[in-house]
Amino acid sequence: MKFNCIAVDDDPANLELLCDYLTTLDNYELIESFTDPIKAMNHIVAGDNVDIVFMDIEMPGLSGIDLAKIIRSKTRNLIFTTAHSKYALDAFEIEADAFLLKPFSLGHFATVLHKLQSRRILPIQEKKKIDDQYFFIKSKNDKSKLVKIRFDEIIAIESIQNYISIYTTQKTVVAHITLIKIKEILKNNNSFIQIHRSFIISRNYLEEIENNLVRMKNDLLLTIGENYRDELIGFVKTKTIRTGRN
């Protein structure tokens, strides 16, 4: 994955050098650069969040320190690039992630970014955005209605021919979709496990297991399929506290 970057520096030569460094490192992309801090502010505030903002401090019109206070919530990482070490304390107070003193070499630049990544300040894998925590699905009972389903509210999903019933903490929704299709939607979410050819459950709402049955949080009783038992039991074992008695 590439990390999206924005650079702000009133010296075009510094911006060009920074662009060259980022290009050399492959997985960083400079999507915008600004010599005018006011234009940078307007762009960043109005745009999507970015992974890194590189910012000079002494700039005409608006200092990097003041600009940082305005846009800090819009960037995962803030890195000051300045020729003046006296601003280090100010950078710390604004919760900057790094402070690069000009002139800095490519090696030093790469080392700083590597440290951020190793400390997991930079995302190693893209985190799910809030928009990825739910989906909309058309209700079988009212085809003009789209129903919002939150992943963290799903208790279980039951397949009934070409339909599924989605049991949530708030409601039950019947939709014209196959279990195979819903599995594709859920595949990147580790909260779900298939226990039968017709049932997918949320591990978070599993309350009891007895013989071939599981009881879910809403007292829904579901059968464990023979072909799915081992995976379910394997998960349960990782969460079972040994008492020393059979």
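Residues numbered from 1 in each chain as written. Predicted model: local features only at pLDDT ≥ 70, side-chain atom pairs only at ≥ 80, totals over all residues. Heavy atoms only, no water.

- Looking at an unreviewed UniProt entry, one finds the protein chain named Response regulator transcription factor and attributed to Pedobacter riviphilus.

1. A look at the environment of Asp66
Okay, so step 1: In this structure, Asp66 sits in helix 3 (residues 64-71).
Okay, so step 2: Using a relative accessible area of 36% as the deciding quantity, one classes Asp66 as partly exposed.
Okay, so step 3: Measuring from C-alpha to C-alpha, the distance between Asp66 and Pro37 comes to 9.9 Å, with 29 residues separating the pair along the chain. (Helix = DSSP H or I, 4+ residues; strand = E, 2+ residues; numbered from the N terminus. Buried < 20%, exposed > 50% of the residue type's maximum accessible area, 1.4 Å probe, protein only.)

2. Concerning the side chain of Asp56
Okay, so step 1: Within the fold, Asp56 resides in the loop between strand 3 (50-55) and helix 3.
Okay, so step 2: Only 3.5 Å separates the side chain of Asp56 from the side chain of Lys102, close enough to count as a polar contact.
Okay, so step 3: Other than its neighbours up to four places away in sequence, Asp56 contacts Val8, Asp9, Asp10, Gly64, Phe80, Thr81, Thr82 and Lys102. (Polar contact = N/O pair within 3.5 Å; in protein donor to acceptor, adjacent residues only side chain to side chain. Contact = heavy atoms within 4.5 Å.)

3. Things to note about helix 3
Okay, so step 1: Regarding helix 3, the residues found buried are Gly64, Ile65, Leu67, Ala68 and Ile71. On an axial view of helix 3, the arc spanned by its buried residues comes to 160°, and they lie on one face. (Arc of directions from axis to C-beta.)

4. Points about the layout of surface pockets
Okay, so step 1: Within this model, the second largest pocket holds a volume of roughly 200 Å³.
Okay, so step 2: Broken down by secondary-structure element, the contributors of at least two residues to the lining of the second largest pocket are helix 6 (179-186) and strand 11 (192-196).
Okay, so step 3: The biggest single contributor to the lining of the second largest pocket is strand 11, with three residues.
Okay, so step 4: For the lining of the second largest pocket, a count of residues per class yields four nonpolar, three polar and three charged. (1 Å grid on protein atoms, 1.4 Å probe; cavity = no way out; pocket = protein on both sides within 12 Å on 5 of 7 lines; lining within 4 Å. Points joined across faces, edges and corners; volume = space filled by probe spheres on them. Nonpolar A, V, L, I, M, F, W, Y, C, P; charged D, E, K, R; others polar.)

5. Points about the packing of aromatic side chains
Okay, so step 1: All told, the structure shown has seven aromatic pairs when counted by the stated rule.
Okay, so step 2: Relative to Tyr28, the ring of Phe3 has its centre 5.2 Å away and its plane inclined at 40°; by these criteria the two rings are tilted. With a gap of 25 residues between them, Phe3 in strand 1 (residues 3-8) and Tyr28 in strand 2 (residues 28-34) connect regions that are remote in the sequence. No difference in accessibility class separates Phe3 from Tyr28, as the two residues are buried. (Phe/Tyr/Trp six-rings, centres within 6.5 Å; stacked < 30°, edge-to-face > 60°.)

6. Some thoughts on the side chain of Gln194
Okay, so step 1: Secondary-structure assignment places Gln194 in strand 11.
Okay, so step 2: A polar contact is formed between the side chain of Gln194 and the side chain of Lys183, at a distance of 3.0 Å.
Okay, so step 3: Polar contacts involving the side chain of Gln194 include one to the main-chain carbonyl oxygen of His196, which spans 3.0 Å.
Okay, so step 4: Dropping the residues within four chain positions of it, Gln194 is found in contact with Leu179, Lys183, Phe199, Ile200 and Tyr228.

7. A word on the sheet that holds strand 12 (residues 199-202)
Okay, so step 1: One open sheet holds the five strands; their spatial order is 10-9-8-12-11, and the pairing between them is antiparallel. Where the open sheet ends on each side, the last strands, each with one partner, are strand 10 (172-175) and strand 11. With strand direction ignored, the average angle separating the axes of adjacent strands in the sheet is 20°.
Okay, so step 2: Sheet topology note: the strand 8 (residues 154-160)/strand 9 (residues 163-168) ladder contains six bridges and is antiparallel. For Ile157, the partnering residue across the bridge sits in strand 9 and is Ile166. (Pairing = 2+ DSSP bridges. Axes fitted to C-alpha atoms, helices over the stretch in contact; angles between N-to-C directions.)

8. Side note on the packing of helix 2 (residues 37-46) against helix 3
Okay, so step 1: Running from N to C, helix 2 and helix 3 cross one another at 10°; their axes reach a closest spacing of 10 Å. Overall, the two elements helix 2 and helix 3 adopt an arrangement that is roughly parallel. Along its contact with helix 2, which presents Pro37, Ala40, Met41, Ile44 and Val45, the element helix 3 presents Leu67, Ile70 and Ile71. (Parallel < 35°, antiparallel > 145°, perpendicular 65-115°, else oblique.)

9. Examining the pattern of salt bridges
Okay, so step 1: Evaluation of the coordinates by the stated rule reveals eight salt bridges.
Okay, so step 2: The residue Asp97 makes a salt bridge to Arg72 at a minimum N-O spacing of 3.1 Å. With Asp97 in the loop between helix 4 (88-93) and strand 5 (98-101) and Arg72 in the loop between helix 3 and strand 4 (75-82), this pair connects stretches of sequence that are 25 residues apart. As far as burial versus exposure is concerned, Asp97 and Arg72 are alike and both buried. (Salt bridge = Lys/Arg side-chain N within 4 Å of Asp/Glu carboxyl O.)

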